[in-house]
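Here is how the chains run, residue by residue.
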Amino acid sequence: MAFIIDGKEVARKLRQQLAEQVAAEKLSPGLAVVLVGENPASQVYVRNKARAAGEVGITSDTHRLSAEATQDDVLALIEKLNKDKNVNGILVQLPLPPQIDALTIIAAIDPEKDVDGFHPVNAGRLSIGMPCLVPCTPQGCMLLLREALSNLEGKRALVLGRSNIVGKPVAQLLLQANCTVTIAHSRTKDLPAECLSADILIAAIGKPAFVRGDWIKDGAVVIDVGINRIDDPAQEGKTKLVGDVDFAAAQTRAAAITPVPGGVGPMTIACLLKNTVESARKRTSG
Ligand code: NDP
């Protein structure tokens with residue numbers, strides 16, 4: 001049976017380290033969260049981020065704009081936050097309403113305050129191995145991977161999914177760790193065979209239990225990024241969260257696996273706090 005990588009616990013330790021660092025170095029990190037519209041899931045995410053920030057000593061402010069806000073309204077707010085010396089991290093909660101182009105908004109954020117690591121400058125820096133703000137979920141995946149594998153060098157890694165926020169940046173990080181990386185996507189041929197050859201499998205596609213147990217190589221380490229809400233077969237009328245991997249089947253073959261919930265999710269928020277603290281340290285030292 002696989003070792004279950006406890007993302008909640010790893011995230012808790014990381015938050016504790018950050019809180020100690022903030023106190024010891026007398027930092028005063030400030031995080032600005034921009035929320036446009038009333039998306040219920042976004043409201044929950046933003047609340048969770050603000051609460052976690054408070055726990056480690058980060059001051060966070062949520063800036064709410066109505067669902068009818070224009071692109072110029074959002075750009076004006078970003079401009080104001082870019083100039084605000086008390087703000088060293090800016091996060092725009094996605095998705096944005098259809099009248100607003102997410103890439104235009106992200107590109108308007110000062111790259112030094114881009115704690116999501118989505119700005120083209122940070123994406124470019126990551127791809128050529130320069131220091132940068134690394135996207136939070138991929139950073140969290142790597143920290144969890146290292147809980148199970150101390151040496152990643154030469155391992156065959158398969159990244160399932162090629163989004164700009166998860167798949168591509170996690171592939172860059174695996175490459176930096178000297179893995180041999182393959183990125184698979186919806187046009188990949190013979191996905192089971194690709195998965196079966198992977199020592200490390202990172203699943204980020206958004207399809208419940210899509211990766212079957214018999215696609216997992218014996219002894220592989222599986223990081224399941226997917227968050228999918230499905231009807232709970234055990235409780236009528238209730239729903240539950242599952243990942244992109246058939247957890248029960250995969251854990252009989254994998255050496256280690258992350259659960260959903262309680263795996264990558266808590267790490268994403270902890271790494272956001274880490275980026276915010278790093279950004280505050282840079283401001284203090286620079
Ligand atoms: P996107 O929808 O942006 O990307 C999905 C990727 O999966 C695409 O590259 C797509 O391929 C690929 N894909 C879709 N269907 C298949 C298929 N049948 N076979 C192979 N590849 C397929 O998703 P995100 O990267 O934003 O998110 C992925 C999942 O991770 C979601 O469940 C999301 O909720 C979760 N997530 C979790 C986070 C966390 O904190 N734990 C944070 C961010 C995301 P193609 O490019 O060809 O279309």
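As the structure is a computational prediction, the values presented were derived from the model and not from experiment. (Residues numbered from 1 in each chain as written. Predicted model: local features only at pLDDT ≥ 70, side-chain atom pairs only at ≥ 80, totals over all residues. Heavy atoms only, no water.)

A. Broad picture of the overall build of the chain. Counting secondary structure elements, the chain contains ten helices and eleven strands. At 19 Å, the chain has a C-alpha radius of gyration in line with the 19 Å of a compact globule built from 286 residues. When its C-alpha atoms are laid out on the principal axes, the chain stretches across 50 × 45 × 35 Å. A burial count over the chain gives 45% of its 286 residues as buried. For the chain, the proportion of contacts with a sequence separation of at least 24, taken over those separated by at least 6, is 69%. For the chain, the accessible surface area stands at approximately 14,000 Å², while carbon and sulfur atoms represent 52% of it. Put simply, the chain has 32 plus and 31 minus side-chain charges, and the middle of one group is 3 Å from the middle of the other. (Helix = DSSP H or I, 4+ residues; strand = E, 2+ residues; numbered from the N terminus. Rg over C-alpha atoms; globule rule 2.2 N^0.38 Å. Buried < 20%, exposed > 50% of the residue type's maximum accessible area, 1.4 Å probe, protein only. Contact = heavy atoms within 4.5 Å. Areas by Shrake-Rupley, 256 points an atom, 1.4 Å probe, with all protein chains shown as cover. Lys, Arg positive; Asp, Glu negative; His and termini not counted. Charge placed at Lys NZ, Arg CZ, Asp CG, Glu CD.)

B. Layout of the sheet that holds strand β5 (residues 156-160). Here six strands make up an open sheet; going across it, the order is β1-β11-β8-β7-β5-β6 and the pairing parallel. Every other strand in the sheet has two partners, leaving β1 (3-4) and β6 (180-184) as the edge strands with one partner each. By the bridge criterion, five bridges tie β5 to β6 in an arrangement that is parallel. Note on β6: the bridge partner recorded for leucine 160 is alanine 184. Lying on the sheet, helix α7 (residues 167-176) is in contact with β5, β6 and β7 (200-203); it crosses β5 at an angle near 170°. (Pairing = 2+ DSSP bridges. Axes fitted to C-alpha atoms, helices over the stretch in contact; angles between N-to-C directions.)

C. Looking closely at the packing of helix α1 (residues 7-24) against helix α10 (residues 264-285). Packing of α1 against α10 leaves a shortest axis separation of 9 Å and a crossing angle of 20°. Taken together, α1 and α10 sit at an angle that is classed as roughly parallel. The two elements α1 and α10 meet at a crossing, and its hand is left-handed. Listed contacts from α10 to Gly7, Lys8, Val10, Ala11, Leu14, Arg15, Leu18, Gln21 and Val22 of α1 are Pro266, Met267, Ala270, Cys271, Leu273, Lys274, Val277 and Arg281. Of the residues that constitute the contact of α1 with α10, the class distribution is eleven nonpolar, two polar and four charged. (Parallel < 35°, antiparallel > 145°, perpendicular 65-115°, else oblique. Left-handed = near helix turned anticlockwise from the far one by under 90°. Nonpolar A, V, L, I, M, F, W, Y, C, P; charged D, E, K, R; others polar.)

D. Focus on the domain arrangement of the chain. Taken domain by domain, the chain holds domain 1 (26-112) and domain 2 (136-265). Its C-alpha centre places domain 1 at a distance of 29 Å from the equivalent point of domain 2. (Domains from an automatic or database assignment.)

E. Just α10, in detail. Helix length check: α10, at 22 residues, gives a terminal C-alpha distance of 31 Å against a target of 32 Å (1.5 Å per residue), a fit within 8%. Every buried residue of α10 is listed here: Val264, Met267, Ile269, Ala270, Cys271, Leu272, Leu273, Asn275, Thr276, Val277, Ser279 and Ala280. (Expected span 1.5 Å × (residues − 1).)

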